[in-house]
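Each chain, written out:
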Amino acid sequence: MAALTLLGITAPATATDRLLESLPATDIYAACMDKEEVVSNEICYAFVLGVVQSHWSAATGDAELLFCLPDPVTRKRVIGALRKHFRRAAKEGDLPADQFVTNALAAAFPCTAAHD
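About the thresholds
- Residues numbered from 1 in each chain as written.
- Predicted model: local features only at pLDDT ≥ 70, side-chain atom pairs only at ≥ 80, totals over all residues.
- Heavy atoms only, no water.
- Disulfide = S-S within 2.5 Å.
- Helix = DSSP H or I, 4+ residues; strand = E, 2+ residues; numbered from the N terminus.
- Buried < 20%, exposed > 50% of the residue type's maximum accessible area, 1.4 Å probe, protein only.
- Contact = heavy atoms within 4.5 Å.
- Core = buried A, V, L, I, M, F, W, Y, C linked by side-chain atoms within 4.5 Å.
- 1 Å grid on protein atoms, 1.4 Å probe; cavity = no way out; pocket = protein on both sides within 12 Å on 5 of 7 lines; lining within 4 Å.
- Points joined across faces, edges and corners; volume = space filled by probe spheres on them.
- Nonpolar A, V, L, I, M, F, W, Y, C, P; charged D, E, K, R; others polar.

1. As for the state of the cysteines
And step 1. Scanning all chains against the criterion turns up two disulfides.
And step 2. Note that Cys-32 is cross-linked by a disulfide to Cys-44, the S-S spacing being 2.1 Å. Note on the Cys-32 and Cys-44 pair: the S-S dihedral is about 105°, so by sign convention the disulfide is right-handed. A residue pair is termed long-range when its members are at least 10 positions apart, and Cys-32 in helix H3 (residues 25-33) and Cys-44 in helix H4 (residues 38-58) qualify at 12 residues.
And step 3. For Cys-32, a relative accessible area of 0% corresponds to the buried category.
And step 4. Bridging Cys-68 to Cys-111, the disulfide has an S-S length of 1.9 Å. Measuring handedness by torsion sign, the sulfur bridge of Cys-68 and Cys-111 sits at about 95° and is right-handed. Placement of Cys-68 in the loop between H4 and helix H5 (75-88) and of Cys-111 in the segment after helix H6 (97-108) is noted, with a sequence separation of 43 residues between them.
And step 5. Disulfide connectivity for the chain, with bonded cysteines indexed by sequence position, reads 1-2, 3-4.

2. Considering the side chain of His-85
And step 1. Of note, His-85 is situated in helix H5.
And step 2. What His-85 contacts, discounting residues up to four positions off in sequence, is Glu-92, Phe-100, Asn-103, Ala-104 and Ala-107.

3. Overview of the environment of Val-52
And step 1. Checked against the element boundaries, Val-52 lands in helix H4.
And step 2. Owing to a relative accessible area of 4%, Val-52 belongs among the buried residues under this scheme.
And step 3. The sequence separation of Val-52 and Val-101 amounts to 49 residues, and the corresponding C-alpha distance is 8.8 Å.
And step 4. Contact partners of Val-52, with chain neighbours within four places excluded, come to Phe-67, Leu-69 and Leu-105.

4. Let's talk about the nonpolar core
And step 1. With 21 residues, the main nonpolar core has Cys-44, Val-48, Leu-69, Leu-82, Phe-86, Val-101 and Leu-105 as its most contacted residues.
And step 2. If you list the elements that add at least two residues to this core, you get H3, H4, H5 and H6.
And step 3. With residues up to four places along the chain from it excluded, the contact list for Cys-44 reads Ala-31, Cys-32, Ile-79 and Leu-82.

5. Some points on the layout of surface pockets
And step 1. The calculated volume of the largest pocket comes to roughly 180 Å³.
And step 2. Lining the largest pocket are Tyr-45, Val-48, Leu-49, Val-52, Trp-56, Leu-69, Pro-70, Val-73, Thr-74, Arg-75 and Val-78.
And step 3. Among the secondary structure elements, those contributing two or more residues to the lining of the largest pocket are H4 and H5.
And step 4. Here the lining of the largest pocket takes five residues from H4, the largest share from any one element.
And step 5. Class assignment of the residues belonging to the lining of the largest pocket gives a composition of nine nonpolar, one polar and one charged.

Structural data, given as structure tokens:
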């Protein structure tokens, strides 16, 4: 970055810092609730898929699973569960988006002895 600064090329600090900030659930609300817009649906699905894959990766070993998706599960069913949680738990909109998605999936797909 120092070399770029010497050349007169700098990135605004806010743009750089925002990459590491937590994304609030309200920021993904529009993408996840829009049933007609293909791009919005893909953004929502990609975000949810990232949360699911991160959760599974973190839950290796002795870590507790917070949700257990059925196998197989459809994209429609998972996104439907998230939309339902947005309607029921609007007060959680200020949570980080990944935590909101985790809460939604835990409510819709709790782990039971049948999944163990």
